[in-house]
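Here is what each chain is made of, one letter per residue.
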Amino acid sequence: MPLEIVRNDITKMKVDAIVNAANQTLLGGGGVDGAIHHAAGPGLLAECRTLGGCETGSAKITGAYRLPCKYVIHAVGPRWHGGKHGEREKLISCYRTSLELAKENKCDTVAFPLISSGIYGYPKDKALKVAIDTISDFLFSNEMTVYIVIFDKAAYQISEKLFKDIAEYIDDNYVEEHTDRRREQMRSLLLDEEMFEVIPENAERLAPIAKASMEAPTASSLDEAISMIDESFSEMLLRKIDERGITDAQCYKKANIDRKLFSKIRSDRLYKPSKPTVLAFAIALELPLSETQEMLMKAGFALSHSNKFDIIVEFFISRGNYNIFEINEALFAFDQSLLGA
Ligand code: AR6
């Protein structure tokens, strides 16, 4: 997956390059800087001494010594002074310079901490947004896998309002789903077409399922039944891409899916994707809920109100928010797996 948020200690990441949140001297310090120097050993400091420091908003690259990666990119983030002193631009520039350095050094995988969000005081939700926006922008025109490494749960916050809204949505839907009356209604809905009128709020979600069962062709032999096989997931995906008038690359990049996986799906009409992959494409294609359900069904899945992952994805789709990185931020905050490959 091109952009992933993971919870880890960055010094343990087995990637081509890790990024350090350094200061202008490049001679070490506290926080992640201290942890990286400690794990890399004295060779790193010796090389840093030869670099002559670094300006805020820029970055320099060194070897990685005892770390399990090949390079360390030392980026100097801005100190937070309230947000009106060019902090955002400098932070963006940190990420861009680091990504360009990684590219020049042929790195395929890079891990970033949330630069400036510790000792330098940049609010964590804002720092995360800058990281996600800048990295995803870069990934639109470059092939690379980038990790944002979050050290601890406390270091991670999506905006309080969004968190509250999602939590409420989960509560509401969990409660709904777990009443017997509701479950009973859902079951009869699948059996009895007329029930659509009785509980219309279910109609959109379940229509594709009911429609598919109603339209199932009858066959006189097993061979004949198999020959009536419906459009596959891969065929539906390619058709929707054409209908939207977008290119394959625009679609898989927006889905946060890597090119190799997309080629596999493209060349195998019976490809069996995972549920997060299907949803990533549904988001990239900006499908409404009913079409999302239909696409999931092609791969043997459904959106259900019995798990948080599904409810969170549904929360965003029902609000017309198709930004996969924002959805992944929210999934991460609720400890769910992320969308994409
Ligand atoms: N792995 C991943 N993330 C970490 C780790 C780790 N091992 N340790 C801390 N973080 P900070 P800054 C997170 O303070 O704000 C140094 O003294 C941490 O939770 O390391 O850019 C430098 O020399 C936070 O979210 O860097 C500079 O003087 C994020 O990394 C100054 O601090 C960044 O926190 C730079 O301050």
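Summary of the structure given here. Note that this is a predicted model, so its numbers are computed, not measured.

1. Remarks on the overall build of the protein
So, point 1. Counting its secondary structure elements, the protein contains 16 helices and six strands.
So, point 2. Relative to its full complement of 341 residues, the protein shows a buried share of 47%.
So, point 3. Partitioning the contacts of the protein with sequence separation of at least 6, the portion at a separation of at least 24 is 68%.
So, point 4. Only carbon and sulfur atoms are counted for the fraction: they give 53% of the accessible area of the protein, which is about 16,500 Å².

2. Looking at the nonpolar core
So, point 1. Counting residues in hydrophobic clusters, the biggest one holds 80 residues, and the most contacted among them are I135, F281, M295 and L339.
So, point 2. Examining the composition of this core, we find that eight residues originate from one element, helix α4 (residues 124-139), more than from any other.
So, point 3. Ignoring sequence-local partners within four residues, the contact set of M295 consists of F233, M236, L237, K240, V278, F281, A282, L285 and L287.
So, point 4. Of all hydrophobic cores here, the second largest spans 16 residues; its members include I10, M13, V15 and Y147.

3. Description of helix α1 (residues 31-40)
So, point 1. All of the buried residues along α1 are D33, I36, H37 and A40. Looking down the long axis of α1, one finds its buried residues gathered within 95° of arc, a one-sided arrangement. Residues of α1 that are exposed and angled more than 90 degrees away from the buried face: G31 and H38.
So, point 2. For α1, the elements touching its buried residues are β2 (17-22), α2 (42-49) and β4 (71-76).

4. Some details on the sheet that holds strand β6 (residues 145-150)
So, point 1. Strand order across the open sheet formed by six strands is β1-β6-β5-β2-β4-β3, with mixed pairing between neighbours. The sheet is open, and its two borders are formed by β1 (3-7) and β3 (59-63), each paired with just one other strand. Direction aside, the axes of adjacent strands within the sheet are offset by 25° on average.
So, point 2. Direction of pairing for β1 relative to β6: parallel, over a ladder of five bridges. Residue pairing across strands places E4 opposite Y147, the latter belonging to β6.
So, point 3. Taken strand by strand, helix α3 (residues 87-104) contacts β2, β3, β4, β5 (109-112) and β6, and its axis lies near 160° from that of β4.
So, point 4. Across the face of the sheet, α4 comes into contact with β1, β5 and β6 while running at roughly 170° to β6.

5. Digging into helix α15 (residues 308-318)
So, point 1. Buried residues dominate α15, accounting for nine of its 11 residues.
So, point 2. If you check which residues of α15 are buried, you get F309, D310, I311, I312, V313, E314, F315, F316 and I317.
So, point 3. Measuring from the backbone nitrogen of F309 back to the side-chain oxygen at the start of α15 gives 3.2 Å, which picks out N307 as the cap.
So, point 4. One or two residues past the end of α15 sits G320, with phi positive at roughly 70°.

6. Topic: the site of the ligand
So, point 1. Taken together, the neighbourhood of the ligand is formed by 23 residues, with G30, V32, D33, S117 and I119 sitting nearest.
So, point 2. Between an oxygen atom of the ligand and a main-chain N or O atom of V32, the distance comes to 2.7 Å.
So, point 3. G118 places a main-chain nitrogen or oxygen 2.8 Å from an oxygen atom of the ligand.
So, point 4. When the ligand sits alone it has 710 Å² of accessible area, and the protein chains cover 91% of it.
So, point 5. Those elements giving two or more residues to the shell around the ligand turn out to be β2 and α1.
So, point 6. Class assignment for the residues of the shell around the ligand results in 11 nonpolar, nine polar and three charged.

7. Notes on the state of the cysteines
When the sulfur atoms of two cysteines share a covalent bond, that bond is a disulfide.
So, point 1. Tallied over the entire structure, the rule returns zero disulfides.
So, point 2. C69 supplies the cysteine sulfur nearest to C107, a cysteine that is in no disulfide, at a spacing of 9.2 Å.
So, point 3. C107 gets classed as buried once you look at its relative accessible area, which sits at 4%.

8. Some words on the side chain of D16
So, point 1. With respect to the helices and strands, the residue D16 is situated in the loop between β1 and β2.
So, point 2. If sequence neighbours within four positions are ignored, D16 has contacts with C69, K70, Y71, K106, C107, D108 and T109.

9. Overview of the pattern of salt bridges
So, point 1. Applying the stated criterion across every chain, the model contains 15 salt bridges.
So, point 2. Put simply, K298 and D230 hold a salt bridge, and the shortest N to O gap is 3.7 Å. Of this pair, K298 sits in helix α14 (residues 289-298) while D230 sits in the loop between α9 (222-227) and α10 (233-244), and the two are 68 residues apart along the sequence.
So, point 3. Accessibility expressed as a relative area gives 24% for K298, which makes it partly exposed.
So, point 4. When the shortest N-O distance is used, the salt bridge between E291 and K240 registers 2.7 Å. Residue E291 is located in helix α14, and its partner K240 is located in helix α10; the two are separated by 51 residues in the primary sequence.

Analysis parameters
- Residues numbered from 1 in each chain as written.
- Predicted model: local features only at pLDDT ≥ 70, side-chain atom pairs only at ≥ 80, totals over all residues.
- Heavy atoms only, no water.
- Helix = DSSP H or I, 4+ residues; strand = E, 2+ residues; numbered from the N terminus.
- Buried < 20%, exposed > 50% of the residue type's maximum accessible area, 1.4 Å probe, protein only.
- Contact = heavy atoms within 4.5 Å.
- Areas by Shrake-Rupley, 256 points an atom, 1.4 Å probe, with all protein chains shown as cover.
- Core = buried A, V, L, I, M, F, W, Y, C linked by side-chain atoms within 4.5 Å.
- Arc of directions from axis to C-beta.
- Pairing = 2+ DSSP bridges.
- Axes fitted to C-alpha atoms, helices over the stretch in contact; angles between N-to-C directions.
- Polar contact = N/O pair within 3.5 Å; in protein donor to acceptor, adjacent residues only side chain to side chain.
- Near = heavy atom within 4 Å.
- Nonpolar A, V, L, I, M, F, W, Y, C, P; charged D, E, K, R; others polar.
- Disulfide = S-S within 2.5 Å.
- Salt bridge = Lys/Arg side-chain N within 4 Å of Asp/Glu carboxyl O.

Worth remembering: the numbers are spatial, not functional.
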